[in-house]
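Each chain, written out:
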Amino acid sequence: MNRHAGRSTAIAAVIRNTCAAALAVACLIGMAACSSPATTADDGGRDKPAGGVTAETTTGTSGAADDSATGPSADLSTAELETIAKRFTACLVGKGFDAKVTASYALLPVGSTAEAAPQTTVVVRRLGADGTPIIPGPGMEISGDSDPLYPDIMYSIVSADEGMWVGFKNSKALAGSIYADKQADYAACERENPDFAQPNYSANVTAAGGASAAGSDAEAQQTLIDFARQARKDGFDWMADPAPGEDKSVEIPSDVSYEELRRFYDTYSGDKWPSHDGIPFGTFCTGECSAYNRLIEER
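Below you will find a few notes about this structure. Source: prediction; values computed, not measured.

About the criteria used
- Residues numbered from 1 in each chain as written.
- Predicted model: local features only at pLDDT ≥ 70, side-chain atom pairs only at ≥ 80, totals over all residues.
- Heavy atoms only, no water.
- Phe/Tyr/Trp six-rings, centres within 6.5 Å; stacked < 30°, edge-to-face > 60°.
- Helix = DSSP H or I, 4+ residues; strand = E, 2+ residues; numbered from the N terminus.
- Buried < 20%, exposed > 50% of the residue type's maximum accessible area, 1.4 Å probe, protein only.
- Contact = heavy atoms within 4.5 Å.
- Disulfide = S-S within 2.5 Å.

Going through the model one piece at a time under the given rule, you end up with 16 aromatic pairs. Between Phe-97 and Tyr-179 the ring centres are 5.7 Å apart and the planes differ by 25 degrees, which places this aromatic pair in the stacked class. Of the two residues, Phe-97 sits in the loop between α1 (78-94) and β3 (99-102) while Tyr-179 sits in the loop between β6 (163-167) and α2 (183-192), which places them 82 residues apart along the sequence. The two residues Phe-97 and Tyr-179 agree in class, both being buried. Ring centres of Phe-264 and Trp-273 lie 5.9 Å apart, and the angle between their planes is 80 degrees; on these two criteria the pair is classed as edge-to-face. You can call Phe-264 buried: its relative accessible area is 0%. Overall, Trp-273 belongs to the buried group, its relative accessible area being 4%.

For α2, the full list of buried residues reads Tyr-186, Ala-187, Ala-188 and Cys-189. Contacts from the buried residues of α2 go to α1.

Should the sulfur atoms of two cysteines be covalently bonded, the bond is a disulfide. Scanning the model with the defined rule gives two disulfides in all. What pairs with Cys-91 in a disulfide is Cys-189, and their sulfur atoms sit 2.1 Å apart. In this structure the cystine formed by Cys-91 and Cys-189 twists about its S-S bond by roughly -90 degrees; its chirality is therefore left-handed. Here Cys-91, found in helix α1, pairs with Cys-189, found in helix α2; they are 98 residues apart in sequence, far enough to count as distant. Just as Cys-91 is buried, Cys-189 falls in that class too. Covalent S-S linkage joins Cys-285 and Cys-289, the inter-sulfur distance amounting to 1.9 Å. Taking the sign of the torsion about the S-S bond as the criterion, the disulfide between Cys-285 and Cys-289, at about -90 degrees, is left-handed. Taken individually, Cys-285 and Cys-289 each receive the classification buried, so the pair is uniform in this respect.

See the structure below:
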């Protein structure tokens, strides 16, 4: 099964090997910017959905006690929060983490552009069991349902350009993960930067209309259904409605030709690609998917 993906939805069940919706966007998808190594306090880089990325947020146990709308950063401006996030990231880098700041797309007000997303979410490289960075590619499948290496992450990115990243709510969330031996270092950076806190995605979901996680997922699936219907009207008869429960990605049939796929992505490039809460959906293909994989590699 080949999967390549995109959004920072309130609750993510699976990290699919996706090359996201950004396939259809100019420099996109990344739920991340056009590839750059790591954004530290000095580089001021700006990540946007680009190069086939997907960001997904999940709810873990570590944040249960501190998901209130108030916190150390509740009354600060976006510029101040971005500076604090860079400072915290620099601390992590200094302690051996491969870390960067990325855009908090899920916090964008409805109708805002991706460029307006605050650069306030701190992520670290997603490592495999051997301790090396996981590099997404054709034929790769990664399940986030019960990954013993990452039992408690709040945010995840999969990017064809930049690789894979995860965000932890706080140092407690590192317990039991592959980063468990770095928990003390992460906690030290928290003590050195008491004004830093990861974005409160849970509070944002409630504030943006009082929707529950289930409600948000239902809205996401409806968006995918609406997109499928529009695609069929536009002549892409092979575009089926999403499977029940599918609320993260657009499924591409394995037998669609290369020329047809190019036409499809060209038709829905940029802001024509479906998104939820400001984050583009990903795409995935099950089976041989030769045309799909070829297009992913090219883009």
